[in-house]
Amino acid sequence: MRIVLIGPPGAGKGTQAVRLAAHLSIPHISTGDLFREHIDQGTELGQHARTCIRDGLLVPDEVTIGMVKERLARPDAQGGFLLDGFPRNLAQAEALDGILVDPESKLDAVLELEISEAEVVKRVTGRRLCRMDRGHIFHVYFNPPEVAGVCDACGGELYQRDDDREATIRQRLKVYRSETAPVIDRYQAQGFVTTISALGSVKEVLNRALRSIGKE
Ligand code: AMP
């Protein structure tokens, strides 16, 4: 399956994307994760992305689209993929149409996670990630580790992403409203969008997501 997962920051896209991709045996392609890998490796692309991410702004399209195009061309993405965090504006959505122009490679679904902005702020500012493995995600209120600041799974140090601070999350929500919401309207007009609530446990949302794409 070829799926785009879309929703505001803090809706739980990353958490659900990992699980959905594993369930469907397709690669999880997160532009945020790809940028963070570049930043960690100190690449030129990472240098470009760093300040935008820190300030809650979108990384320029030419950088982002090139990176996604290269990732989607790899062999593991030929049988399907789950895109998490892309497209985030209309120019990226148009670019994706261009990349998936072959009738064999059309999108199957656009899955939208819906959540209020107040809930997003509460969720995001409490989120903590493990330095050893970013897939290990905790929350100071909803999913606290046994020992504060330490990953239960591997003992790694837990940290808060710079862009998870309150001022930045408010900026990211503003960007979502103005840039990403029109992408949903565009896909809706094409009849692709299935919207589910992002509230509830991880498992509840996952089951809801699978049901909505007919893969329960
Ligand atoms: P995420 O991990 O998806 O929340 O993304 C973290 C940050 O990476 C965003 O706030 C943006 O600064 C940047 N980013 C991720 N995906 C994109 C994209 N498709 N276009 C532009 N910037 C992006």
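Since we're looking at a predicted model, the values are computed, not measured.

**Student:** Before we go on, may I ask you to explain the site of the ligand in this structure?
**Tutor:** Taken together, 16 residues form the shell around the ligand, and within it T31, R36, L57, G85 and R172 come nearest. In this structure, a nitrogen atom belonging to the ligand sits 2.8 Å away from a main-chain N or O atom of G85. Within the complex, the protein chains bury 96% of what would otherwise be the 480 Å² of accessible surface of the ligand. Its residues placed into classes, the shell around the ligand shows 6 nonpolar, 5 polar and 5 charged.

**Student:** Is there a simple way to explain the pattern of salt bridges in this structure?
**Tutor:** A side chain with one charge can pair with a side chain of the opposite charge if their charged atoms come near. Inspection of the entire model under this criterion finds 15 salt bridges. Linking R123 and E119 is a salt bridge whose minimum nitrogen-to-oxygen distance equals 3.8 Å. With a gap of 4 residues between them, R123 and E119 both fall in helix 6 (residues 117-125), about one helical turn apart. Residue E119 is classed as partly exposed on the basis of its relative accessible area of 23%. Three or more residues joined by partner-sharing salt bridges are found here, namely R127, R161, D163, D164 and R172.

**Student:** Explain the packing of helix 5 (residues 90-99) against helix 7 (residues 166-189) to me, please; I cannot follow it from the model alone.
**Tutor:** When two helices pack together, you describe them by how their axes are tilted relative to each other and by the distance separating the axes. Contact pair helix 5 / helix 7: the axes reach a minimum separation of 8 Å and the direction vectors enclose 40 degrees. One way to sum up the angle between helix 5 and helix 7 is to call them oblique. Facing helix 5, whose interface residues are L90, A93, E94, L96 and D97, helix 7 presents E179, P182, V183, R186 and Y187. Residues belonging to the contact of helix 5 with helix 7 are distributed by class as follows: 6 nonpolar, no polar and 4 charged.

**Student:** Before we go on, may I ask you to explain a nonpolar patch on the surface in this structure?
**Tutor:** On the surface, a cluster of nonpolar side chains totalling about 330 Å² of accessible area is made up of V140, Y141 and F142. Tracing the backbone shows V140 in the loop between strand 6 (137-139) and strand 7 (158-159). A relative accessible area of 39% means that V140 is categorised as partly exposed.

Conventions we followed
- Residues numbered from 1 in each chain as written.
- Predicted model: local features only at pLDDT ≥ 70, side-chain atom pairs only at ≥ 80, totals over all residues.
- Heavy atoms only, no water.
- Near = heavy atom within 4 Å.
- Polar contact = N/O pair within 3.5 Å; in protein donor to acceptor, adjacent residues only side chain to side chain.
- Areas by Shrake-Rupley, 256 points an atom, 1.4 Å probe, with all protein chains shown as cover.
- Nonpolar A, V, L, I, M, F, W, Y, C, P; charged D, E, K, R; others polar.
- Salt bridge = Lys/Arg side-chain N within 4 Å of Asp/Glu carboxyl O.
- Helix = DSSP H or I, 4+ residues; strand = E, 2+ residues; numbered from the N terminus.
- Buried < 20%, exposed > 50% of the residue type's maximum accessible area, 1.4 Å probe, protein only.
- Axes fitted to C-alpha atoms, helices over the stretch in contact; angles between N-to-C directions.
- Parallel < 35°, antiparallel > 145°, perpendicular 65-115°, else oblique.
- Contact = heavy atoms within 4.5 Å.
- Patch = residues over 30% accessible without salt bridge, like charges linked within 9 Å, V, L, I, M, F, W, Y side chains within 5 Å.

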